[in-house]
Protein chains: 4
Amino acid sequence: MAGYSITKDEHLKRLRRIEGQVRGLQSMIDDDVYCVDVLTQIASVTKALQSVGLGLLDEHIRHCVRDAAEESDEAGDAKVEEAIVAVARLLKS
Amino acid sequence: MAGYSITKDEHLKRLRRIEGQVRGLQSMIDDDVYCVDVLTQIASVTKALQSVGLGLLDEHIRHCVRDAAEESDEAGDAKVEEAIVAVARLLKS
Amino acid sequence: MAGYSITKDEHLKRLRRIEGQVRGLQSMIDDDVYCVDVLTQIASVTKALQSVGLGLLDEHIRHCVRDAAEESDEAGDAKVEEAIVAVARLLKS
Amino acid sequence: MAGYSITKDEHLKRLRRIEGQVRGLQSMIDDDVYCVDVLTQIASVTKALQSVGLGLLDEHIRHCVRDAAEESDEAGDAKVEEAIVAVARLLKS
């Protein structure tokens, strides 16, 4: 269940790996790799990005929402709405 | 920004509408409606279901997470993890 | 790899099961079942709907695209575009 | 409706832009940009990747499926199955 909550360094490490994967996609296209294999790799990069997104969402709820809620109910509610709008965007992407 | 936070009655109303849409899908299949039109309708029902999901997630963060966090940090953390796992499931569905 | 290509009866059977699941969601809301459990069930219904969608897409490519392509290249291209637009809608739903 | 069918150069141009966006995400994390803003950007990069995927799927159906179908029905069917499995992977990513 843990694993979504990650440190800044871990985020950066994951994003550097994703950057490498996107460069790999360019080589695949350049080398005319079979399109279904490129699609499989795209699905894998998308999944890696979503996973970084879940880590950030975890942080947002764990820290921003709670800290704001300690200030006032309204501040907490505003942070919850931001979280939900962010999840809606992830779902539609 | 609001609109995700909805009442129990509103949830039920939406789900009854979705049930009607799923029955409509059966009629479409039964009447051999053109498959792309059925696919468009499936995308619309899926979107409606996700929207109910976002409403429930809103409630979970707004109430369960906060109430638990007031009890103890550990209780709050456990509810956050549940929320993230639920979002991960929605993303993969 | 097969399993996506299904018959009309199989589509109807799956949609009736999905209809039952949507009714089940209403009972869950009515009985105030814990929201994360409802979310898990919503993810499962969404997955079932997507699976019906993949079956229809399979049919569309297997039959409509090919039949049209035998008529003319333009007719085939038009059906491919419809397929891609349908997949784009599924991805965004 | 067009726009999904793109050339190799266009694919590469899009992927280079996506690579730049992933580097941008690293800077956002490094500069402690507000997590909801990073999430919004992640949704945008994911959408761009999905769009490249739809372009590849368009090509696959337009060319690979048809060419194979001209050879034999079995060859065509095999390519359709690959396409559907690829879409299923995109949906789950």
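This text goes with the structure placed above it.
In this report, we go over the structure that sits alongside the text. The residue count restarts for each chain, going from 1 along the sequence in the order it is written. By the order in which they are written, chains take letters starting at A while ligands take numbers starting at 1. With the structure being a predicted model, the display of local features is reserved for residues of pLDDT at least 70 and the display and counting of side-chain atom pairs for 80 or more, all residues being used for whole-chain, interface and lining totals. Only hydrogens and water are set aside; all other atoms, that is, all heavy atoms of the structure, feed into the side-chain values.

**Comments concerning the packing of helix α2 (residues 35–71) of chain A against helix α2 (residues 35–71) of chain B**
Running from N to C, α2 of chain A and α2 of chain B point in directions that differ by 80°, and their axes come no closer than 11 Å. One finds that α2 of chain A runs roughly perpendicular with respect to α2 of chain B. Counted together, I61, V65, R66 and A69 of chain A of α2 of chain A and I61, V65, R66 and A69 of chain B of α2 of chain B form the full contact between these two elements. Lys, Arg, Asp and Glu make up the charged group, whereas Ala, Val, Leu, Ile, Met, Phe, Trp, Tyr, Cys and Pro make up the nonpolar group; the residues left over, Gly among them, are polar. Tallied by class, residues from the contact of α2 of chain A with α2 of chain B come to 6 nonpolar, no polar and 2 charged. Fitting a line to C-alpha atoms yields each axis, with helices limited to the stretch in contact; the angle taken between N-to-C directions then spans 0 to 180 degrees. Starting at the N terminus, helices and strands are each numbered in turn, a helix being any DSSP run of H or I of at least four residues and a strand any DSSP run of E of at least two. Oblique is the label for any angle not under 35 degrees, not over 145, and not in the 65 to 115 range, which are roughly parallel, roughly antiparallel and roughly perpendicular in turn. For this analysis, residues touch if any pair of their heavy atoms sits within 4.5 Å.

**Things to note about a positive patch on the surface**
Distance thresholds for patches are 9 Å for like charges and 5 Å for nonpolar side chains (Val, Leu, Ile, Met, Phe, Trp, Tyr), applied to residues having over 30% relative accessible area and no salt bridge. Reported accessibility uses the Shrake-Rupley method at a 1.4 Å probe radius. Residues are deemed covered only where the shown protein chains occlude them. Here, a salt bridge means any side-chain nitrogen of Lys or Arg that lies within 4 Å of a carboxyl oxygen of Asp or Glu. As used throughout, the charge tally considers Lys and Arg to be positive and Asp and Glu to be negative, leaving His and the chain termini uncounted. All charge positions are set by atom: Lys at NZ, Arg at CZ, Asp at CG, Glu at CD. A contiguous patch of positive charge, built from K47 of chain A, R89 and K92 of chain B, K47 of chain C together with R89 and K92 of chain D, is present on the exposed surface. Elements represented by at least two residues in the positive patch include exactly α3 (73–92) of chain B together with α3 (73–92) of chain D. Within the secondary structure layout, K92 of chain D lies in helix α3.

**Things to note about the relation of the copies chain B and chain A**
Least squares is the method for superposing the copies, and the C-alpha atoms it fits come from residues with pLDDT of at least 70 in both. With an axial shift of 0.0 Å and an RMSD of 0.0 Å, the rotation relating chain B to chain A amounts to 180°. Within this description, the copies of the chain are treated as partners about a two-fold rotation axis. In terms of C-alpha distance to the rotation axis, chain B has L91 of chain B as its closest residue, with the C-alpha 2.9 Å off the axis. Both copies present the same face, since 100% of the interface residues in chain B are matched by interface residues at the equivalent positions in chain A.

**Focus: the interface of chain A and chain D**
Contacts between the two partners involve 40 residues from chain A and, on the opposite side, 40 residues from chain D. Per-residue buried area on chain A facing chain D is highest for I29, L39 and L49 of chain A; these three make up 16% of the total on that side. For the pair chain A and chain D, the number of links is 4 salt bridges. Here K8 of chain A ties to D32 of chain D by a salt bridge, and the two come within 3.2 Å at their closest N and O atoms. In protein, a polar contact requires one atom able to donate a hydrogen and another able to accept it; more generally it is a pair of N or O atoms within 3.5 Å, and residues adjacent in sequence count only if both atoms are side-chain atoms. In this structure, the connection of chain A to chain D is made through 16 residue pairs in polar contact (both at pLDDT 80 or more). Among the elements of the structure, α1 (8–30), α2 and α3 (73–92) of chain A are those that each provide at least two residues to the side of chain A that touches chain D. Sort the elements by how many residues they give to the side of chain A that touches chain D and α2 of chain A lands first, with 18 residues. Summed over both partners, the accessible area (1.4 Å probe) lost when two parts come together is defined as the buried area.

**Describing the interface of chain B and chain A**
Bring the parts together and some accessible area is lost; that lost area is often taken as the interface size. Between chain B and chain A, the residue contacts involve 25 residues of the former and 25 residues of the latter. Summing the contributions of chain B and of chain A, the shared interface buries around 2500 Å²; its carbon and sulfur component is 71%. On the chain B side of the contact with chain A, R66, I84 and L91 of chain B bury the most area, a combined 25% of that side's loss. Taking the shortest distance from any N to any O, the salt bridge between R62 of chain A and D77 of chain B comes out at 3.1 Å. If you look at where chain B meets chain A, you find 8 residue pairs in polar contact (both at pLDDT 80 or more). When contributions to the side of chain B that touches chain A are tallied by element, the ones reaching two or more residues are α2 and α3 of chain B. Top contributing element to the side of chain B that touches chain A by residue count: α3 of chain B, with 13 residues. In the side of chain B that touches chain A, the residues fall into 15 nonpolar, 2 polar and 8 charged.

**Details of the relation of the copies chain A and chain D**
What relates the two chain copies is a rotation about an axis together with a slide along it. Aligned on chain D, chain A shows an RMSD of 0.0 Å; the corresponding rotation is 180° and the shift along the axis is 0.0 Å. A high fraction, 100%, of the interface residues of chain A reappear at the interface in chain D, so the copies pair face to face through one surface.

By themselves, these figures tell us nothing about what the structure is for.
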